[in-house]
Amino acid sequence: MAAPVAANKKPAAPQTPADKKKSAAGKKGSAKTEGDDFNYIVRMANTDIDGQKYTVIGLQSIKGVGKRVSQIVVKKANVNPSEKIGSLKDEQVAELEKLVLQYVEYAPSWAINRQNDYETGNDMHLFGNDLDIIQKDDINRMKMVRSYRGIRHDTNHKVRGQRTRSNGRKGLACGVQRK
């Protein structure tokens, strides 16, 4: 026996694209709109950070700040790591920037990226363009001294002991040649 059909049910009206977006947003969770004080771009340590990113992820946009460094800085600043960086107050952003730039003062020596600098002998943690400049200077110094690593850099070979017999070939035809 067939199920009875409700006679008073109306057919569904066709949805517009705007209605589809609203219903899709409702299914995923509430679409949270940002307030008037939300910053979509946060400037920190000469880097533009997307304000939509979470605090820990946004700090990683700064060159020289990785996952561990950003977690340490956020924890020291007492900021919620899952809060969007654009919704932070200006004082919190200034505190985060200060802690990022002074990271070497409170971090253990094994957690910084420039231990025992060649010229000064100090421990430093470099960010942004400074990191690129110092790295290029180090490679040029190795090339001038003609150390093994400098020669490998100079000839565009692998530097860190990787095998080169079957990998790292550039511009050559690999495989068996037939007559």
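Up top is the structure.
Residues numbered from 1 in each chain as written. Predicted model: local features only at pLDDT ≥ 70, side-chain atom pairs only at ≥ 80, totals over all residues. Heavy atoms only, no water.

**Looking at the nonpolar core**
- If you look at the biggest cluster of nonpolar residues, it comprises 24 residues, and the most contacted ones within it are Met44, Leu59, Ile62, Val73, Leu96 and Tyr103.
- Secondary-structure elements contributing two or more residues to this core are strand 1 (41-44), helix 2 (55-59), helix 3 (67-76) and helix 4 (90-101).
- At 4 residues, helix 4 tops the list of elements feeding residues into this core. (Core = buried A, V, L, I, M, F, W, Y, C linked by side-chain atoms within 4.5 Å. Buried < 20%, exposed > 50% of the residue type's maximum accessible area, 1.4 Å probe, protein only. Helix = DSSP H or I, 4+ residues; strand = E, 2+ residues; numbered from the N terminus.)

**Description of helix 3**
- Within helix 3, the full set of buried residues consists of Val69, Ser70, Val73 and Val74. Along the long axis of helix 3, the arc covered by the buried residues comes to 125 degrees, so they all point the same way. Those residues of helix 3 that are exposed and angled more than 90 degrees off the buried face are Lys67, Arg68 and Lys75.
- On its buried face, helix 3 sits against helix 2, helix 4 and helix 5 (103-106).
- Following helix 3 by one or two positions, Asn78 adopts a phi angle in the positive range, close to 55 degrees. (Arc of directions from axis to C-beta. Contact = heavy atoms within 4.5 Å.)

**Here's the deal with the packing of aromatic side chains**
- This structure, assessed with the given rule, holds 2 aromatic pairs.
- Here the basic side chain of Lys76 rests over the ring of Tyr106, its NZ or CZ set 4.9 Å away from the ring centre.
- The ring of Tyr118 carries the charged tip of Arg141 above its face, separated from the ring centre by 3.7 Å. (Phe/Tyr/Trp six-rings, centres within 6.5 Å; stacked < 30°, edge-to-face > 60°. Lys NZ or Arg CZ within 6 Å of the ring centre and 35° of its normal.)

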